[in-house]
Amino acid sequence: MPTPETSGLLAEQLLRLTRRLHRAQKRHMEPLGITPAQSRLLRTVSHSDQPPRMADLAQRLEVVPRAVTTLVDALEAHGSVRRVPDPSNRRVVRIELTDTGRATLRALREARRAAAEDILAPLSDQQRDALGDLLDTLSGTPGHRC
């Protein structure tokens, strides 16, 4: 049976690894001119069936609406998203990706892969598979690795 000390050590290792991965991702994303928060918003918009409302984005990202406004403003200036009126209610504003936004998402996916490779480089294919299985178990989503 695991001891509290072992669990605490594992938690600390996971936190250190998460921080290291975030730093690596940020480093790889920097040339794209996109912050991690903007990246999350772009991914959220891209996974929506229809252009989401600002309030929907705030809820999905678990942030206050003002934070979404700031992110959308920056991404709109970058050319990655645009505000569009809802076809059934012109008072509602929806956010949709532009062609630049789709290209940015592809570049972001590559940056995330490169950052992961920085972290995973010391592992063999077999070790990566084992780690993936363990992470699937911990995340509660067995068999859902990309």
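Placed above this text is the structure.
Here is a short report on the structure shown in this document. (Residues numbered from 1 in each chain as written. Predicted model: local features only at pLDDT ≥ 70, side-chain atom pairs only at ≥ 80, totals over all residues. Heavy atoms only, no water.)

## Let's talk about helix 4 (residues 65-78)
Phase 1 of the analysis: The end-to-end C-alpha distance of helix 4 is 20 Å, a good match for the 20 Å that 14 residues give at a rise of 1.5 Å each.
Phase 2 of the analysis: Taken as a whole, helix 4 has its buried residues at Val-68, Leu-71, Val-72 and Leu-75. For helix 4, the angular spread of buried residues about the axis comes to 100°, placing them on one side. In helix 4, the exposed residues that point more than 90 degrees away from the buried face are Arg-66 and Ala-77. (Helix = DSSP H or I, 4+ residues; strand = E, 2+ residues; numbered from the N terminus. Expected span 1.5 Å × (residues − 1). Buried < 20%, exposed > 50% of the residue type's maximum accessible area, 1.4 Å probe, protein only. Arc of directions from axis to C-beta.)

## Quick word on the packing of helix 2 (residues 36-46) against helix 5 (residues 99-120)
Phase 1 of the analysis: Their axes nearest at 11 Å, the elements helix 2 and helix 5 cross at an angle of 120°. Compared by their axis directions, helix 2 and helix 5 come out oblique. In this structure, helix 2 crosses over helix 5, and the sense of that crossing is left-handed. Contacts between helix 2 and helix 5 involve Ser-39, Leu-42, Arg-43 and Ser-46 on the former and, on the latter, Thr-104, Leu-105, Leu-108 and Arg-112.
Phase 2 of the analysis: Class assignment for the residues of the contact of helix 2 with helix 5 results in three nonpolar, three polar and two charged. (Axes fitted to C-alpha atoms, helices over the stretch in contact; angles between N-to-C directions. Parallel < 35°, antiparallel > 145°, perpendicular 65-115°, else oblique. Left-handed = near helix turned anticlockwise from the far one by under 90°. Contact = heavy atoms within 4.5 Å. Nonpolar A, V, L, I, M, F, W, Y, C, P; charged D, E, K, R; others polar.)

## As for the environment of Val-68
Phase 1 of the analysis: Here Val-68 lies in helix 4.
Phase 2 of the analysis: On the accessibility criterion, Val-68 (0% relative accessible area) is buried.
Phase 3 of the analysis: In sequence terms Val-68 and Ala-103 are 35 residues apart; their C-alpha atoms lie 21 Å from each other.

## Side note on helix 3 (residues 54-61)
Phase 1 of the analysis: Looking only at helix 3, the buried set comprises Met-54, Asp-56, Leu-57, Ala-58 and Leu-61.
Phase 2 of the analysis: In the core, the buried residues of helix 3 are packed alongside helix 2, helix 4, strand 1 (81-85) and strand 2 (93-97).
Phase 3 of the analysis: Of the residues flanking the end of helix 3, it is Glu-62, one or two places downstream, whose phi is positive at about 60°.

## Quick look at the nonpolar core
Phase 1 of the analysis: Counting residues in hydrophobic clusters, the biggest one holds 19 residues, and the most contacted among them are Leu-41, Leu-42, Val-68, Val-72, Val-81 and Ile-95.
Phase 2 of the analysis: Elements that contribute at least two residues to this core include exactly helix 2, helix 3, helix 4, strand 2 and helix 5.
Phase 3 of the analysis: Leaving out residues up to four positions away in the same chain, Val-81 has contacts with Leu-42, Val-72, Leu-75, Glu-76, Ile-95, Glu-96, Leu-97 and Thr-98. (Core = buried A, V, L, I, M, F, W, Y, C linked by side-chain atoms within 4.5 Å.)

## Let's talk about the packing of helix 1 (residues 4-29) against helix 5
Phase 1 of the analysis: Closest axis-to-axis distance for the helix 1/helix 5 pair is 8 Å, and the angle between their directions is 135°. Put simply, helix 1 runs oblique to helix 5. Of the two possible hands of crossing, helix 1 and helix 5 adopt the one that is right-handed. Counting all contacts with helix 1, which are made through Leu-17, Arg-20, Leu-21, Ala-24, Gln-25, Arg-27, His-28 and Met-29, the residues of helix 5 involved are Leu-108, Ala-111, Arg-112, Ala-114, Ala-115, Ala-116, Asp-118 and Ile-119.

## A short note on the side chain of Ser-48
Phase 1 of the analysis: Its location among the elements puts Ser-48 in the loop between helix 2 and helix 3.
Phase 2 of the analysis: Given a relative accessible area of 16%, Ser-48 falls into the buried group.
Phase 3 of the analysis: Separated by 2.6 Å, the side chains of Ser-48 and Arg-60 make a polar contact. (Polar contact = N/O pair within 3.5 Å; in protein donor to acceptor, adjacent residues only side chain to side chain.)

## A few points about the pattern of salt bridges
Should the charged atoms of two oppositely charged side chains come close, the side chains can pair.
Phase 1 of the analysis: Considering all chains together, one arrives at nine salt bridges under this definition.
Phase 2 of the analysis: Residue Asp-56 is joined to Arg-53 by a salt bridge in which the shortest nitrogen-to-oxygen separation is 2.8 Å.
Phase 3 of the analysis: The exposure class assigned to Asp-56 is buried, which follows from its relative accessible area of 15%.
Phase 4 of the analysis: The exposure class assigned to Arg-53 is partly exposed, which follows from its relative accessible area of 34%.
Phase 5 of the analysis: As a salt-bridge pair, Arg-128 and Glu-117 come within 2.9 Å of each other at their nearest N and O atoms. Of this pair, Arg-128 sits in helix 6 (residues 125-139) while Glu-117 sits in helix 5, and the two are eleven residues apart along the sequence.
Phase 6 of the analysis: On the accessibility criterion, Arg-128 (24% relative accessible area) is partly exposed.
Phase 7 of the analysis: Given a relative accessible area of 37%, Glu-117 falls into the partly exposed group. (Salt bridge = Lys/Arg side-chain N within 4 Å of Asp/Glu carboxyl O.)

Geometric descriptors of this kind do not, in isolation, establish any biological role.
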